[in-house]
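Overview (structure and organization)
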Number of protein chains: 2
Amino acid sequence: MPVMQHYRAALALSSSDDAGRFASTITIKPAPSKSHLHASIPDSSFPKNFVVAGSHCGVKKNAGVNDLAVILSTSSRPAAAAACFTRNAFKAAPVLVSQEVLEKGAGRARALVVNSGCANAVTGKQGMEDAWAMVKATDALLEPSSPSSSGTHETLVMSTGVIGQNLPISKIIAGIESKALTLDSNFSAWESAAKAFMTTDTFPKLRARTFTINGQTFRMAGIDKGAGMIHPDMGPPASAKQLHATLLACILTDAAISPRSLQSALTYAVDRSFNSISVDGEMSTNDTIIVLANGAAADQSAKEIDEEHDRKAYETFREELTSFATDLAQLVVRDGEGATKFVTVNVQGASSFSDAHRVASKISTSALVKTALYGEDANWGRVLAASGSVQLSIPLDPTRVSVTFVPADGSTPLPVLVEGEPEQVDEVRAKEILSEEDFEIKVELGLGKESAKYWTCDFSYEYVSINGDYRS
Amino acid sequence: MPVMQHYRAALALSSSDDAGRFASTITIKPAPSKSHLHASIPDSSFPKNFVVAGSHCGVKKNAGVNDLAVILSTSSRPAAAAACFTRNAFKAAPVLVSQEVLEKGAGRARALVVNSGCANAVTGKQGMEDAWAMVKATDALLEPSSPSSSGTHETLVMSTGVIGQNLPISKIIAGIESKALTLDSNFSAWESAAKAFMTTDTFPKLRARTFTINGQTFRMAGIDKGAGMIHPDMGPPASAKQLHATLLACILTDAAISPRSLQSALTYAVDRSFNSISVDGEMSTNDTIIVLANGAAADQSAKEIDEEHDRKAYETFREELTSFATDLAQLVVRDGEGATKFVTVNVQGASSFSDAHRVASKISTSALVKTALYGEDANWGRVLAASGSVQLSIPLDPTRVSVTFVPADGSTPLPVLVEGEPEQVDEVRAKEILSEEDFEIKVELGLGKESAKYWTCDFSYEYVSINGDYRS
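All of these numbers come straight from a predicted model, not from anything done at the bench.

Here the focus is the packing of helix 8 (residues 353–365) of chain B against helix 10 (residues 380–388) of chain B. Helix-helix packing is characterised by the crossing angle of the two axes and by the distance between the axes. Residue and element names in this part refer to chain B. It is at 8 Å that the axes of helix 8 and helix 10 come closest, and there the two elements cross at 130°. The pairing of helix 8 with helix 10 is recorded here as oblique in orientation. The hand of the helix 8/helix 10 crossing is right-handed. Where helix 8 approaches helix 10, its residues Val359, Lys362 and Ile363 are matched on the opposing element by Val383, Ala386 and Ser387. The residue makeup of the contact of helix 8 with helix 10, split by class, is 4 nonpolar, 1 polar and 1 charged.

See below:
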């Protein structure tokens, strides 16, 4: 199947020099509604001893819209806490403050406070004071804990929204202290909190599940947000000296796990979930994911899972966390600004995870690949050119590379390039696969046994409209 | 000036979940015509002892459209030749063949043959044979040279167009051998050759100039092409083991310079010109720039410029070549698919050229920056987030970074961020600057004395239309 590198040729060269210029009106294919991705969850699926609330405190103008979320662990023992933060150099104040709380608390915390509508980024000294004020006001909602924790802060903070504007901090503090903030553990409370995370999201992103380790049942709930400025690259606090983010996520579980093992499991999970999604290739100044594990499923004296003492239990937990984080991360891609497609980029046969991940990332951010996805065009030439532009630890051998389009419904995959040789492609079948909302691009490099998946969406007129045309 | 990270918020949150979904028809701002960028050039400006031709041989269907160019040096002494090739792993056959011709010819060559309409990329063994056939047919057009060059090939080859399709090689060979191929040295012949380079270009890209070294006048002419899949990263042959490209460029000069110094000057020039432009962040499989210097301006026995023997003359030549290559490279950005803006990204105060270049590249490829440019929005938050996402050799210090929008007409620049502090921006003045077709985004990092410039365009509805919608 020959692939045109540049389609304007057909237009521009068929008549005058200016034939490639387009008419002033075009019909756009609108992104489908995503509201079916939010549904009710049984109260029993949420982790024990967490209470949550969402409310409108006035960061956003519209009175009916939530902009403040509070999540508290009611276990007296501080939960294990872990986080990954953006690697952007321009880290917002809440990122810097959360890093410090985690560090001083030695990986223990009991609360999370989140506002949307204002990112508290590029806000200087005032921004830091405001983030600390949110921490202290939320600390005050906690029951007194063990003496060992007195004097240290136990709240982590996240903000998302406008850059370069100070928080309306008195409104936020009043919101945290308000008696109208009704903390509860039912679905309605969790939904209300999830709504308070939203900015350009079109639905609240909330999931919960149960899982089993050594015969014991645990629960896990998660909230995240994000639709644009999404290409997170988040690392653990120690390595995060150059980071920043607009993906926000939190995961709460009643499993008991040591802070060190929780951080190590989270770092592993984030590389394979949130650090493997892209909407528009843009790393934000606020990207943050926080996990609290309060151990409330079992007796408070039960031993914490630790990778040194019980490797098997640790690995089970890590797999559960990775799988759950992947579910949450995929919701962000599905809600990507202007997205009409949800595409899995599956790179196999690499010599390392890092190489596979870099090729998958490059394909997932290629403007030419993403516009072809929007156009439902099985354009393997663009997939190949993007793959080849990455400098790998072992150079690509063009004669070993294969590209296949894989439908999501389990029907027969369509090879378009086999070991460097273009296939005669059945265009009708190609159109069938690419007209679906979900499908996979599988790239086999033929260099080794490692693989990585990335999740991306297409690049549509609506993306340009959302991000370029709002003033007109 | 507060900057919204996500503009959909204002829409999505003001009413229902689906309020962010857009109407099915939008009005687009069409890219302006670029035809004024092609104009007549006096015959006397073209370099001596080069003859050129362009014709239609049948790669493209439309009979009136050129698709074959031949450029010959008529000096009996082989010209010094230098090239940079794409770093893409999937190098097209003409790239591999030109690398071998250059290597075996020890940096000497006398001819160049170019076809458009088919890239001869991902074409396996047949593709290599076809590229060699083009070389041999063009070699046969050359007058017999000095005995030393007999047996070696003296033609370099470039192709651009469709990927994954074999060349109609018999038509191309017939075109090269045709008596209708009238080689000449006047403007009309150069224009005809430039037209044969075009694919999605909306105008032929041809420039010529004269320059002086040590009192002697020399001439330089150049042709290039490209509009999409433009983010070249080209290196000299020795380092190009992982490369590939769709920017094509050639520069012909009647200066006399040694092959080694020509390559060194070209590598320097390409980093500051063709490797500093981006239309869509996409590195192609065929990107190639070739320079031939035949020394015809002076006596054939005149000594060649060499960086070891006459550093000053070499540096003058290098500056001329860099300036000329920059002119040619900028034409590609001006003709970028869907481009309505031509924007200079000027990064200053870096600790190295490489750091400055990487920050400039990131800003120039940011989808959020480029859609903001289309929307004429002085969105410094997006410029900052893009800058901060680059890992530099010396980490960025947010309190030292300044961002300024600089109008092209010499009027007062508009600072939007000064040493990390947002300015109160005069929105009317911002709109004035950003509504112009040309302007500059200046970013001062405050870390050192090195700088780099990048040239980019905006991201428009038309880009999506050209690359995503052609089948509908």
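What follows is about the pattern of salt bridges. Residue and element names in this part refer to chain A. On inspection of all chains with the given rule, the structure shows 36 salt bridges over all chains. A salt bridge links Lys205 to Asp335; the nearest nitrogen and oxygen atoms lie 2.7 Å apart. With a gap of 130 residues between them, Lys205 in strand 8 (residues 205–213) and Asp335 in the loop between helix 7 (311–334) and strand 14 (342–350) connect regions that are remote in the sequence. The same class applies to Lys205 and to Asp335, which are both buried. In the salt-bridge network here, residues are joined through shared partners; they are Asp201, Lys205 and Asp335.

Turning our attention to the UniProt feature "active site" (unreviewed entry) in chain A. Here, the residues flagged by UniProt with the feature "active site" (unreviewed entry) are Thr246 of chain A. Positionally, Thr246 of chain A belongs in the loop between strand 10 (234–235) and strand 11 (248–253).

With that out of the way, let us pick up the pairing of strand 14 (residues 342–350) of chain B. Residue and element names in this part refer to chain B. In terms of residue burial, strand 14 counts as a mostly covered element, since 8 of its 9 residues are buried. Bridge count between strand 14 and strand 18 (residues 438–444): 7 bridges; the pairing is parallel. The residue of strand 18 that forms the bridge with Thr344 is Glu440. Bridge analysis of strand 14 against strand 19 (residues 450–457) gives 7 bridges, and the strand direction is antiparallel. Among the inter-strand pairings, Val347 is bridged to a residue of strand 19, identified as Ala452.

A word on the sheet that holds strand 12 (residues 277–278) of chain B. Where strands meet in a sheet, backbone hydrogen bonds hold them as pairs that are either parallel or antiparallel. All names here are of chain B. If you trace the 7 strands from one edge of the open sheet to the other, you get 12-19-14-18-15-16-17, paired in mixed fashion. For this open sheet the edge positions go to strand 12 and strand 17 (421–422), each flanked by a neighbour on one side alone. Running at roughly 60° to strand 19, helix 9 (residues 367–374) makes contact with strand 12, strand 14, strand 18 and strand 19 of the sheet.

Rules used throughout
Residues numbered from 1 in each chain as written. Chains lettered and ligands numbered in written order. Predicted model: local features only at pLDDT ≥ 70, side-chain atom pairs only at ≥ 80, totals over all residues. Heavy atoms only, no water. Axes fitted to C-alpha atoms, helices over the stretch in contact; angles between N-to-C directions. Helix = DSSP H or I, 4+ residues; strand = E, 2+ residues; numbered from the N terminus. Parallel < 35°, antiparallel > 145°, perpendicular 65-115°, else oblique. Left-handed = near helix turned anticlockwise from the far one by under 90°. Contact = heavy atoms within 4.5 Å. Nonpolar A, V, L, I, M, F, W, Y, C, P; charged D, E, K, R; others polar. Salt bridge = Lys/Arg side-chain N within 4 Å of Asp/Glu carboxyl O. Buried < 20%, exposed > 50% of the residue type's maximum accessible area, 1.4 Å probe, protein only. UniProt positions renumbered as here; feature names shortened; annotations may be inferred. Pairing = 2+ DSSP bridges.

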